[in-house]
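# Descriptive structure summary
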Amino acid sequence: MNSGMNMKDMVKALAGMPDDQRKTMMAERLGMFAEMGDKERGDAMGMMMSGVGSLSEADQRKMIKTRTIILAGMPPEKRMKLMKTQMGLMEQMPEKAMAEMHMVESILPELTNK
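First, a word on scope: everything that follows refers to the structure included in this document.

Parameters at a glance
- Residues numbered from 1 in each chain as written.
- Predicted model: local features only at pLDDT ≥ 70, side-chain atom pairs only at ≥ 80, totals over all residues.
- Heavy atoms only, no water.
- Helix = DSSP H or I, 4+ residues; strand = E, 2+ residues; numbered from the N terminus.
- Rg over C-alpha atoms; globule rule 2.2 N^0.38 Å.
- Buried < 20%, exposed > 50% of the residue type's maximum accessible area, 1.4 Å probe, protein only.
- Contact = heavy atoms within 4.5 Å.
- Areas by Shrake-Rupley, 256 points an atom, 1.4 Å probe, with all protein chains shown as cover.
- Lys, Arg positive; Asp, Glu negative; His and termini not counted.
- Charge placed at Lys NZ, Arg CZ, Asp CG, Glu CD.
- 1 Å grid on protein atoms, 1.4 Å probe; cavity = no way out; pocket = protein on both sides within 12 Å on 5 of 7 lines; lining within 4 Å.
- Points joined across faces, edges and corners; volume = space filled by probe spheres on them.
- Nonpolar A, V, L, I, M, F, W, Y, C, P; charged D, E, K, R; others polar.

## Remarks on the overall build of the protein
Within the protein, the regular secondary structure consists of 6 helices and 0 strands. Its helices and strands in sequence order give the protein the pattern α-α-α-α-α-α, from N to C terminus. Taken over the C-alpha trace, the protein has a radius of gyration of 13 Å; the compact-globule value for 114 residues is 13 Å, and the two agree within 12%. Summarising its shape, the C-alpha atoms of the protein cover approximately 40 × 30 × 30 Å along the three principal directions. The buried share of the protein, reckoned over its 114 residues, is 37%. Long-range pairs, those at least 24 residues apart, make up 73% of the contacts in the protein with a sequence separation of at least 6. When the accessible surface of the protein is summed, it comes to about 7,000 Å², and 59% of that surface belongs to carbon and sulfur atoms. The average position of the 17 basic charges and that of the 16 acidic charges among the side chains of the protein differ by 2 Å.

## Things to note about the layout of surface pockets
For the largest pocket, the calculated volume is near 270 Å³. Forming the walls of the largest pocket are R67, T68, L71, A72, R79, M83, Q86, M87, M90, E100, M101 and V104. Secondary-structure elements contributing two or more residues to the lining of the largest pocket are α4 (57-73), α5 (76-91) and α6 (94-112). For the lining of the largest pocket, the leading source of residues is α5, giving 5 residues. Its residues assigned to classes, the lining of the largest pocket comprises 7 nonpolar, 2 polar and 3 charged.

Geometry only, nothing functional implied.
This is how it looks when you write it as structure tokens:
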């Protein structure tokens with residue numbers, strides 16, 4: 001419970017950071033998640049997803065956009081580990097999954113036009 005609160009606080013702090021700082025900090029966190037065992041990674045990513053879900057829509061968008069950029073630049077084996085875990089978590093919360101998928105779809109054109 002306490003670590004969940006810490007994760008929510010960390011997510012809120014990340015959302016308030018300048019883009020480059022948020023990207024650096026989130027990349028470090030995602031790299032750590034990729035090195036964890038399946039259960040630990042699922043627990044940590046679930047807490048992070050919950051934290052992101054508690055943000056305003058604008059902050060959720062910033063966080064999802066930053067995560068998408070980081071994942072795209074990761075080595076394939078790490079990216080696939082993280083995406084597999086995220087997909088498993090999203091299956092447990094279909095409403096949140098649909099909302100996030102729509103947000104990602106709206107963000108992708110911003111990333112491909114650079």
